[in-house]
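# Observations on the model geometry
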Protein chains: 2
Amino acid sequence: MQSKPTTIKEIARILNISPSSVSRGLHDHPSIGAVTREKIKQLAKSLNYEPNNAAILFQKGKTYTIGVILPELSEHFFSIAISAIEDEAIKKNYTVIFAQSHDNYDQEVKLVEKMKNQRVDGLLVSISKDTSKFDHFEKLNSFNIPVVFFDRIPPFKNVHYVACSLESATIKAVNYLLKKGHRSIGMINGPSTLYASEERKDGYMQAITFNRLKFDPSLVVNCDLTEEGTIDAANQFLNHKRKPTAIVAFNDYVALFLIKYFKKLNVINDFDIVSYANLPIISYLDNSPVASVEQYPYLQGQKAANILLDLIHSPNSENQAYYNTIVESDLIVNEVKE
Amino acid sequence: MQSKPTTIKEIARILNISPSSVSRGLHDHPSIGAVTREKIKQLAKSLNYEPNNAAILFQKGKTYTIGVILPELSEHFFSIAISAIEDEAIKKNYTVIFAQSHDNYDQEVKLVEKMKNQRVDGLLVSISKDTSKFDHFEKLNSFNIPVVFFDRIPPFKNVHYVACSLESATIKAVNYLLKKGHRSIGMINGPSTLYASEERKDGYMQAITFNRLKFDPSLVVNCDLTEEGTIDAANQFLNHKRKPTAIVAFNDYVALFLIKYFKKLNVINDFDIVSYANLPIISYLDNSPVASVEQYPYLQGQKAANILLDLIHSPNSENQAYYNTIVESDLIVNEVKE
DNA sequence: AAAAACAGCGCAAACGTTTGATTAATTTTG
DNA sequence: CAAAATTAATCAAACGTTTGCGCTGTTTTT
């Protein structure tokens, strides 16, 4: 029953013309007469002709496909980002293939390899937590496959990237808390190996010193981002000689653990919490953070995709300019509870 | 700088043998001698040979790619499901391409077309809310592209699908509420056009009548699933002559709106709410639903992917058997507060 | 009326890989 | 020792499409 798909050759045979004419006819090439063109198009339609993409891609050496490698699709941030990427890609008639590194360096290396074999026209990457070497991306250069990093980016400038400035976002957050009158502000930071932790800490310090306050290192504690780790950190604050009245949490998950713990101890009202947005509904919580750093995943995905498509279409990239795009993140203040 | 990728032809030229021998050598074909084989492999490695996938796919007429069409990637359920799909696909060395219908029928039709042009080996689909005709999938048959529907499935049996039995899940939910002593139970259902709404209603009715209670149609109200719609529905319950003491919400979003509204009216403690799980952190809410119907998105994605891969590998599908897989959904009871 | 321009189409190569059929050289067998 | 079997490699076609070039016949320009 499954008839082999119609090909250009077949149309040519039936019409007693050459395949090249059929191809040109279908593409409205000027050198094909109007009558022949119409005959071709009609027959094509009536035979349900569908161009064989694989053949075209092979022939052109382009795939009209962009690859996306990210740590975890099930994380809200990434699901929004890739949703934006797909939306942009489809506008330009590109297809998206993706794969998850599950925050594993080896897996990431494999995936880059696989994407290269698939001959994607370009690659969008949010690097895994494990990743500290970046050779696997260099190979892509020699194949002329552009790469744009987003959100989780390598710590150097000579790559294309889109990211949020967590540093300036943190400054905003701490400033906000200072303006609310807080004088002792704790920060639950991530592991010190993470670049994102560094940025947060730098932002914290800048805001503190800019406001002519003394920076107390013991108010910034590193944490493995688990529930237990969060509780440990919380305990350090509770026992601190200058017990903080506000806390900047590494992300919404940490904030969630923190709120849960503080509620249990019945001290939740002693603290203002600021967090970095991951979870869409955290503001529905009863004792939700007073403010959130919004990182605009949709926008980041959108920009990264557009930059990549630009790079793909730019003639030949001997222009040694790198797109370093910073998406300004905003502090979203939750409307105050009555 | 970007050297053209090495090809089999080139290796053949350098080694003064034929391309076919190189191909066979690389694939450990028995008819190539051990010495030649090694020479081939060594040279291939030293030249960084990478098979040109596009060429292979074209040649074989297979793409080792499965397509996924779903309504909204940013919905938690789907992001988990596709995450599972990718995990399964990569195990079998398949690649995943995906696209979002944004719950739009026309878009869905286009995407099916596009996937077909891409010659995906198989298709996984969760249909859009808009979709009531299904011709666009029939075409795929003649191209021998198997389709497996998941979660949002067409309302007939002669297709492959994986889904949850919302009916039995609803029975469990209502039974649970009845056992807790509730005698008047409201249901905020979705639009009546949705199959999912029908299932919920059927389950509700079955549980009610099985327990020898009288079914009151006015306790099941349809809703457009927006916040306003939810409030309307809530008001109907509040003004009901037999004011319900428990409510089954269509999903977590509805539950969220409901909780927010009831809190505002300060009547939240008058109701037990049961919902269908969409949001991972809803149980962190202060007045969270007492129970949730878990629909196991990861499992559904996993099963759907495996069925599809089975179908792809099954010789020729003249076996008129359809996979109709039901993933039992469970009622997850939230641990009682304090 | 010759030269130039052009319209409309076909030829053939090319993209990189795989694979059935074939050949040539070597070894085994009765 | 001739015939058969085995081994090792080659040939050539094929997958479907695109595209530079060339060819013919007609129309326009000088």
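Computed from a predicted structure; not experimentally measured. (Residues numbered from 1 in each chain as written. Chains lettered and ligands numbered in written order. Predicted model: local features only at pLDDT ≥ 70, side-chain atom pairs only at ≥ 80, totals over all residues. Heavy atoms only, no water.)

On to the protein's contact with DNA strand C. In the region of DNA strand C, 26 residues are neighbours, and A:Ser21, A:Gly33, A:Thr36, B:Ile8 and B:Tyr49 sit closest. Here DNA strand C approaches the protein such that, of its atoms within 4 Å, sugar and phosphate make up 50%. A:Arg24 places a polar side-chain atom, nitrogen or oxygen, 2.8 Å from a base oxygen of DNA strand C. Breaking the surface near DNA strand C down by element, the ones donating at least two residues are helix H2 (19-26) and helix H4 (53-60) of chain A together with helix H1 (8-15), helix H2 (19-26) and helix H4 (53-60) of chain B. No other element matches H4(B), which puts 4 residues into the surface near DNA strand C. Counted by class, the surface near DNA strand C contains 9 nonpolar, 14 polar and 3 charged residues. (Near = heavy atom within 4 Å. Polar contact = N/O pair within 3.5 Å; in protein donor to acceptor, adjacent residues only side chain to side chain. Helix = DSSP H or I, 4+ residues; strand = E, 2+ residues; numbered from the N terminus. Nonpolar A, V, L, I, M, F, W, Y, C, P; charged D, E, K, R; others polar.)

Our focus in this paragraph is the protein's contact with DNA strand D. Close to DNA strand D lie 26 residues; A:Arg24, A:Tyr49, B:Ser21, B:Gly33 and B:Thr36 are nearest. In DNA strand D, the atoms that sit within 4 Å of the protein are 54% sugar and phosphate, with bases accounting for the remainder. For the surface near DNA strand D, the elements supplying multiple residues, two or more each, are helix H1 (8-15), H2 and H4 of chain A together with H2 and H4 of chain B. Take the surface near DNA strand D: its biggest share by element is 4 residues, from H4(A). By residue class, the composition of the surface near DNA strand D is 9 nonpolar, 14 polar and 3 charged.

Attention shifts here to the environment of B:Phe98. Structurally, B:Phe98 is set in strand S2 (residues 95-100). On the basis of relative accessibility, which here comes to 2%, the residue B:Phe98 falls in the buried class. Measuring from C-alpha to C-alpha, the distance between B:Phe98 and B:Val220 comes to 36 Å, with 122 residues separating the pair along the chain. Excluding residues that lie within four positions of it along the chain, B:Phe98 makes contacts with A:Ile82, A:Glu86, A:Val96, A:Phe98, B:Val68, B:Leu73, B:Ile82 and B:Met115. (Buried < 20%, exposed > 50% of the residue type's maximum accessible area, 1.4 Å probe, protein only. Contact = heavy atoms within 4.5 Å.)

Residues and elements named next belong to chain B. When the terminal C-alpha atoms of helix H11 (residues 252-265) are compared, their 20 Å separation across 14 residues agrees well with the 20 Å that a helix rising 1.5 Å per residue should span. Listed as buried for H11 are Asp252, Val254, Ala255, Leu256, Phe257, Leu258, Ile259, Tyr261 and Phe262. Here the buried face of H11 lies against strand S6 (185-189), helix H10 (227-238), strand S8 (246-249), strand S9 (272-276) and strand S10 (291-294). The N-terminus of H11 is capped by asparagine 251, whose side-chain oxygen sits 3.0 Å from the backbone nitrogen of tyrosine 253. Phi for asparagine 266, located one or two positions after H11, is positive at around 65°. (Expected span 1.5 Å × (residues − 1).)

Within the structure shown, the criterion is met by 16 aromatic pairs over all chains. Note on A:Phe98 and B:Phe98: the rings are 5.5 Å apart at their centroids and 85° apart in plane angle, and the pair reads as edge-to-face. Here B:Phe98 lies in strand S2 and A:Phe98 lies in strand S2 (residues 95-100), a pairing that spans two chains. Pairing A:Phe262 with A:Phe271 gives two aromatic rings, centres 4.4 Å apart and planes at 20°, and the pair type is stacked. For the pair A:Phe262 and A:Phe271, one class covers both residues: buried. Of the aromatic side chains, those joined through ring pairs into one cluster are A:Tyr261, A:Phe262 and A:Phe271. Here the basic side chain of A:Lys62 rests over the ring of A:Tyr64, its NZ or CZ set 4.5 Å away from the ring centre. (Phe/Tyr/Trp six-rings, centres within 6.5 Å; stacked < 30°, edge-to-face > 60°. Lys NZ or Arg CZ within 6 Å of the ring centre and 35° of its normal.)

All right, on to the side chain of A:Thr95 then. One can find A:Thr95 in strand S2. In this structure A:Thr95 touches A:Tyr64, A:Thr65, A:Ile66, B:Ile97, B:Lys114 and B:Gln118, once residues within four positions along its chain are discounted.

All names here are of chain B. Here S9 lies mainly inside the structure; 5 of its 5 residues are buried. Side chains of S9 alternate between two faces, with Asp272, Val274 and Tyr276 and Ile273 and Ser275 buried alike. Relative to S9, S8 is paired through 3 bridges, and the arrangement is parallel. Residue pairing for S9: alanine 246 is matched across the bridge by aspartate 272. The β-α-β motif built from S8, the intervening H11 and the parallel element S9 has right-handed crossover chirality. Bridging between S9 and S10 involves 3 bridges; their strand directions are parallel. In the strand pairing of S10, serine 275 is matched with serine 292. (Pairing = 2+ DSSP bridges. Right-handed = clockwise from strand over helix to strand, strands pointing away.)

What follows covers the domain arrangement of chain A. According to the domain assignment, chain A contains domain 1 (8-51), domain 2 (62-164 + 297-327) and domain 3 (181-289). Here the C-alpha centre of domain 2 of chain A lies 38 Å away from the C-alpha centre of domain 1 of chain A. (Domains from an automatic or database assignment.)

Another point: the environment of B:Lys260. Mapped onto the secondary structure, B:Lys260 falls in helix H11. Assessed through its relative accessible area of 41%, B:Lys260 is described here as partly exposed. In the structure, B:Lys260 is positioned 112 residues away from B:Val148 in sequence and 38 Å away in space, judged by C-alpha atoms. Setting aside residues up to four positions removed in sequence, B:Lys260 forms contacts with A:Tyr284 and B:Glu227.

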